[in-house]
Amino acid sequence: MKTIEGVLDARGVRFAIVLGRFNSLIGERLLEGAIDCLDRHGADADAITVVRVPGAFEIPLVAARLAAHEQYDAVICLGAVIRGSTPHFEYVANEAAKGIAHAALNSGKPVIFGVLTCDTIEQALERAGTKAGNKGWDAAMAAIETADVVKKIG
Ligand code: INI
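The rules behind the values
- Residues numbered from 1 in each chain as written.
- Predicted model: local features only at pLDDT ≥ 70, side-chain atom pairs only at ≥ 80, totals over all residues.
- Heavy atoms only, no water.
- Helix = DSSP H or I, 4+ residues; strand = E, 2+ residues; numbered from the N terminus.
- Salt bridge = Lys/Arg side-chain N within 4 Å of Asp/Glu carboxyl O.
- Buried < 20%, exposed > 50% of the residue type's maximum accessible area, 1.4 Å probe, protein only.
- Axes fitted to C-alpha atoms, helices over the stretch in contact; angles between N-to-C directions.
- Parallel < 35°, antiparallel > 145°, perpendicular 65-115°, else oblique.
- Left-handed = near helix turned anticlockwise from the far one by under 90°.
- Contact = heavy atoms within 4.5 Å.
- Nonpolar A, V, L, I, M, F, W, Y, C, P; charged D, E, K, R; others polar.
- Core = buried A, V, L, I, M, F, W, Y, C linked by side-chain atoms within 4.5 Å.
- Near = heavy atom within 4 Å.
- Polar contact = N/O pair within 3.5 Å; in protein donor to acceptor, adjacent residues only side chain to side chain.

What to know about unusual backbone geometry
Turning to step 1, where the next piece is worked out: Backbone geometry places asparagine 23, a non-glycine residue, at a positive phi of 60°.
Turning to step 2, where the next piece is worked out: Its place among the elements puts asparagine 23 in the loop between strand 1 (15-20) and helix 1 (24-40).

Points about the pattern of salt bridges
Turning to step 1, where the next piece is worked out: Scanning the entire structure with this criterion turns up twelve salt bridges.
Turning to step 2, where the next piece is worked out: With its nearest N and O atoms 2.8 Å apart, the salt bridge here joins arginine 52 to glutamate 28. In this pair, arginine 52 is assigned in strand 2 (residues 48-53) and glutamate 28 in helix 1, connecting sequence segments 24 residues apart.
Turning to step 3, where the next piece is worked out: Note on arginine 52: relative accessible area 37%, which makes it partly exposed.
Turning to step 4, where the next piece is worked out: Residue classification places glutamate 28 among the partly exposed positions, given a relative accessible area of 24%.
Turning to step 5, where the next piece is worked out: Between glutamate 126 and lysine 131 there is a salt bridge; the shortest N-O distance is 3.6 Å.

Looking at the packing of helix 2 (residues 59-68) against helix 3 (residues 88-107)
Turning to step 1, where the next piece is worked out: Contact geometry of helix 2 with helix 3 gives a least axis separation of 8 Å together with a crossing angle of 10°. Taken together, the axes of helix 2 and helix 3 lie roughly parallel to each other. As for how helix 2 packs across helix 3, the hand of that crossing is right-handed. Facing helix 2, whose interface residues are Ile59, Pro60, Ala63, Ala64 and Ala67, helix 3 presents Glu95, Ala96, Gly99, Ile100, Ala103 and Ser107.
Turning to step 2, where the next piece is worked out: Tallied by class, residues from the contact of helix 2 with helix 3 come to eight nonpolar, two polar and one charged.

Thoughts on the nonpolar core
Turning to step 1, where the next piece is worked out: By size, the foremost hydrophobic cluster in this structure holds 28 residues, and its most contacted members are Phe15, Ile17, Ile26, Leu38, Ile76, Leu78 and Leu116.
Turning to step 2, where the next piece is worked out: Of all the elements, helix 1 adds the most residues to this core, at six residues.
Turning to step 3, where the next piece is worked out: When near neighbours in sequence (up to four residues on either side) are disregarded, isoleucine 26 contacts Ala80, Leu116, Ile121, Ala124, Leu125 and Ala128.

Concerning the site of the ligand
Turning to step 1, where the next piece is worked out: Surveying the vicinity of the ligand reveals the residues Phe22, Asn23, Gly55, Ala56, Phe57, Glu58, Ala80, Val81, Ile82, His88 and Val92.
Turning to step 2, where the next piece is worked out: Within the contact set of the ligand, an oxygen atom lies 2.4 Å away from a side-chain nitrogen or oxygen of glutamate 58.
Turning to step 3, where the next piece is worked out: Every element with two or more residues in the shell around the ligand is listed here: strand 3 (74-82) and helix 3.
Turning to step 4, where the next piece is worked out: The element best represented in the shell around the ligand is strand 3, accounting for three residues.
Turning to step 5, where the next piece is worked out: Tallied by class, residues from the shell around the ligand come to seven nonpolar, three polar and one charged.

This is how it looks when you write it as structure tokens:
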């Protein structure tokens, strides 16, 4: 039996992070978590590029462009979509999820879904460095691991 698994070593891996500015109180905490994770797993600061966009709806386009670029091995998408009193949330969250998945499949590179989709600000805060951890950190871990899997598969 042959098993392929990614190792959690970010040395030599080039990352782009796309961050939606909307709900920036949450997003900036996710970004801190992601950068901390990359740093602690050996990524070089020069190998991390952060790109800010207005909101989660804009993430897929920019993530797709970055993923198509030879300069990056993995793209980490971060943001927070929080339900309001209208159906707007559904449109933004669905397009972000679908678009990020497309960017990954079209590029053949990891494009990681680190966008929170929450009913309340409290739920988002819990996932941005308080009692439910930091989903930015988790997204960065997924990027490190998947980048290595993709490299090994070739
Ligand atoms: N963008 C978010 O990232 N999170 C949200 O919660 C949100 N809500 O609820 O409106 C949101 N809207 C903006 C959207 O992403 C676009 O920036 C905007 O529609 C312009 O295209």
